[in-house]
Amino acid sequence: MNTFRTAVVVLNYKNHQTTAKNVDQLLQTVPDLMAVVVDNDSPNDSFNILSSHYAANHRVHVFETGHNGGYSFGNNFGVDR
């Protein structure tokens, strides 16, 4: 059973490199962290790249919104997951 004491929503839009770098640093720093990465309908391949990057990591869950409703929408989408 996985027990996470800390959860974070990380919003991505067209910049999978910076998102992955930030999430990877958070995972190294916070041992009991669960990260929810939300791609806010990036027009590039960010969602697929992030999904592949974290496919084997049970501490990271990657979702896509389906449309870009803005910053608040993306974060609320992640919280609902």
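Up top is the structure.
Parameters at a glance
Along each chain, the written sequence defines residue order, and numbers are assigned to residues from 1. Local features are withheld for residues below a pLDDT of 70 in this predicted model, meaning they are given only at 70 or higher, and side-chain atom pairs are given and counted only at 80 or more; totals for whole chains, interfaces and linings count all residues. Computation of side-chain values covers all heavy atoms of the structure but excludes hydrogens and water. Working definition: with a 1.4 Å probe on protein chains only, accessible area under 20% of the residue-type maximum means buried, over 50% means exposed, and in between means partly exposed. Runs of H or I in DSSP of at least four residues are treated as helices and runs of E of at least two as strands, each being numbered from the N terminus. In this analysis, strands are considered paired if DSSP registers two or more bridges between them. Handedness rule for crossovers: strands pointing away from the viewer, path from the first strand over the helix to the second running clockwise, crossover right-handed. Lines are fitted to the C-alpha atoms to define the axes, a helix being fitted only along its stretch in contact, and any angle between axes, read from their N-to-C directions, falls within 0 to 180 degrees. Whether two residues touch is decided by their heavy atoms; if any such pair falls within 4.5 Å, the residues are in contact. Each angle gets one of four labels, with under 35 degrees taken as roughly parallel, over 145 as roughly antiparallel, 65 to 115 as roughly perpendicular, and the rest as oblique. Whether a crossing is left-handed or right-handed is set by the direction in which the near helix is turned from the far one by less than a right angle, anticlockwise for left-handed and clockwise for right-handed.

K.L.:
Is there a simple way to explain the pairing of strand S2 (residues 33–39) in this structure?
P.N.:
It is a general feature of regular strands that their side chains alternate between the two faces of the sheet. For S2, the tally of buried residues reaches six of seven residues, placing the bulk of the element in the interior. As paired strands, strand S1 (residues 6–12) and S2 are joined by seven bridges and run parallel to one another. Note on S2: the bridge partner recorded for Asn12 is Asp39. Pairing of S2 with strand S3 (residues 60–64), which is carried by five bridges, proceeds in the parallel orientation. Residue pairing across strands places Val38 opposite Phe63, the latter belonging to S3. Taken together, S2, helix H2 (residues 46–53) and S3 constitute a β-α-β crossover, and its handedness is right-handed.

K.L.:
Explain the sheet that holds S3 here, please?
P.N.:
Neighbouring strands of a sheet are bound in pairs by backbone hydrogen bonds; such pairs are parallel or else antiparallel. With respect to topology, three strands assemble into an open sheet ordered S1-S2-S3, the strand pairing being parallel. What marks the edges here is a single partner per strand, and that holds for S1 and S3. Strand-to-strand, the axes of this sheet are offset by a mean angle of 20°, without reference to chain direction. Contacting S1, S2 and S3, helix H1 (residues 16–29) runs over the sheet at an angle of about 170° to S1.

K.L.:
Just checking my understanding: could you explain the packing of H1 against H2 for this structure?
P.N.:
Helix packing for two helices is described by the angle between their axes and how far apart those axes are. The geometry of H1 relative to H2 is characterised by a closest axis approach of 10 Å and an angle of 30° between their N-to-C directions. Between H1 and H2, the angle is such that the two are roughly parallel. Both H1 and H2 take part in a crossing whose hand is right-handed. Facing H1, whose interface residues are His16, Thr19, Ala20 and Asp24, H2 presents Ser46, Ile49, Leu50 and His53.

Take it as geometry only, folks, not as evidence of what the structure does.
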